[in-house]
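Notes for the structure review
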Amino acid sequence: WSTGATGPATPTTQPQIKQRGDIAAARTVTLGQTKLEVALPADGFVWLARNGDDGSDFLDRMAPSLPDVTLEIGRAPSATCAALMPQLIATQQTFTEPPPTGVPFGWTAYPTLQLDKARERLVCKDVDGAALVVGLMATPPTSPAGRDFGPLAPVLEALATAKAP
């Protein structure tokens, strides 16, 4: 790098680029399947919400874009994690690995699901008479970000405090 450098690296600024409009970006989304109204935190991540086709919703982390991180969100009204999760896991193929790290207080980690080419690390929390299940998927699945819920604690808290229908 230094061999071909002509001077110190400095960030470029372009005066024509500025925030447009008078209000900040919208940080509240209503998830299409679970109908949760989520106030996304100002956690430094940019999230894209999308509907799943099996009753779950997804939050895709768009920035920073690497590693690729997706959260799958499911909500089971009138259920508890203790009752729901063993039934859910019994019908899926699991992957044996140590439990995920950084799981926030109040959330419980469950075995990792082995999907076609992905692994989904599961956590669950009982919220207002419903089981809230969140699966973390990352590409590649061996990425440390795919096992660490710590940086995702603000969005998990936002999901737990979201308004339900």
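In case you missed it, the structure is sitting above this.
Our subject in this report is the structure included herewith. (Residues numbered from 1 in each chain as written. Predicted model: local features only at pLDDT ≥ 70, side-chain atom pairs only at ≥ 80, totals over all residues. Heavy atoms only, no water.)

1. Let's talk about the overall build of the protein chain
Counting secondary structure elements, the protein chain contains two helices and nine strands. The helix and strand sequence of the protein chain, counted from the amino end, reads β-β-β-β-β-α-β-β-β-β-α. A separation of at least 24 residues holds for 47% of the contacts in the protein chain among residues at least 6 apart in sequence. Put simply, the protein chain shows about 10000 Å² of open surface, and 57% of that area lies on carbon and sulfur atoms. (Helix = DSSP H or I, 4+ residues; strand = E, 2+ residues; numbered from the N terminus. Contact = heavy atoms within 4.5 Å. Areas by Shrake-Rupley, 256 points an atom, 1.4 Å probe, with all protein chains shown as cover.)

2. Description of the state of the cysteines
Within the structure shown, the criterion is met by one disulfide. Through a disulfide, Cys 81 is tied to Cys 124; the S-S separation comes to 2.0 Å. In this structure, the disulfide formed by Cys 81 and Cys 124 twists by about -80° around the S-S bond and is classed as left-handed. Of this pair, Cys 81 sits in helix H1 (residues 81-90) while Cys 124 sits in strand S8 (residues 119-127), and the two are 43 residues apart along the sequence. (Disulfide = S-S within 2.5 Å.)

3. Section: the packing of aromatic side chains
A complete count under the given rule lists one aromatic pair for this structure. Look at Phe 45 and Trp 47: their rings are 5.8 Å apart centre to centre, the planes differ by 85°, and that puts the pair in the edge-to-face class. Residue class for Trp 47 comes out buried when judged on its relative accessible area of 10%. Lying across the ring of Phe 45, Arg 61 places its NZ or CZ 4.9 Å from the centre. Note that Arg 119 overlies the ring of Phe 95, its terminal NZ or CZ placed 3.6 Å from the centroid. (Phe/Tyr/Trp six-rings, centres within 6.5 Å; stacked < 30°, edge-to-face > 60°. Buried < 20%, exposed > 50% of the residue type's maximum accessible area, 1.4 Å probe, protein only. Lys NZ or Arg CZ within 6 Å of the ring centre and 35° of its normal.)

4. What to know about the pairing of strand S5 (residues 68-77)
Counting buried residues along S5, seven of its 10 residues qualify, which places the element largely inside the surrounding structure. Taken together, the five bridges between strand S4 (residues 57-63) and S5 define a ladder with antiparallel strand orientation. Looking at the pairing, Arg 61 lines up with Val 69 of S5. As consecutive antiparallel partners, S4 and S5 are separated by four residues. Of the pairings in the sheet, the one linking S5 to strand S9 (residues 130-139) comprises 10 bridges and is antiparallel in character. Within S9, the residue paired with Asp 68 across the bridge is Thr 139. (Pairing = 2+ DSSP bridges.)

5. With respect to the sheet that holds S5
Reading across the sheet, the seven strands line up as S3-S4-S5-S9-S8-S7-S6 and stay open at both edges, with antiparallel pairing between neighbours. Every interior strand has two partners, whereas the edge strands, strand S3 (46-51) and strand S6 (94-95), have only one. Most of the contacts of H1 go to S8, to which it runs at about 160°, and overall it touches S5, S6, strand S7 (108-114), S8 and S9. Those strands touched by helix H2 (residues 153-160) are S3, S4, S5, S8 and S9, and its axis lies near 150° from that of S9. (Axes fitted to C-alpha atoms, helices over the stretch in contact; angles between N-to-C directions.)

6. A few points about H2
Taken together, the buried positions of H2 are occupied by Val 155, Leu 156, Ala 158, Leu 159 and Ala 160. Summarising the contacts, the buried residues of H2 are in contact with strand S2 (37-39), S3, S4, S5, S8 and S9.

7. Focus on the side chain of Asp 57
As for its placement among the helices and strands, Asp 57 is situated in strand S4. Buried charge without a salt bridge: Asp 57, with Lys 35 as the nearest opposite-charge side chain at an N-O distance of 7.4 Å. At 3.2 Å, the side chain of Asp 57 and the backbone nitrogen of Gly 32 are in polar contact. Within the structure, Asp 57 has its side chain in polar contact with the backbone nitrogen of Gln 33 (distance 2.8 Å). (Lys, Arg positive; Asp, Glu negative; His and termini not counted. Salt bridge = Lys/Arg side-chain N within 4 Å of Asp/Glu carboxyl O. Polar contact = N/O pair within 3.5 Å; in protein donor to acceptor, adjacent residues only side chain to side chain.)

Taken by themselves, the reported measurements are silent on function.
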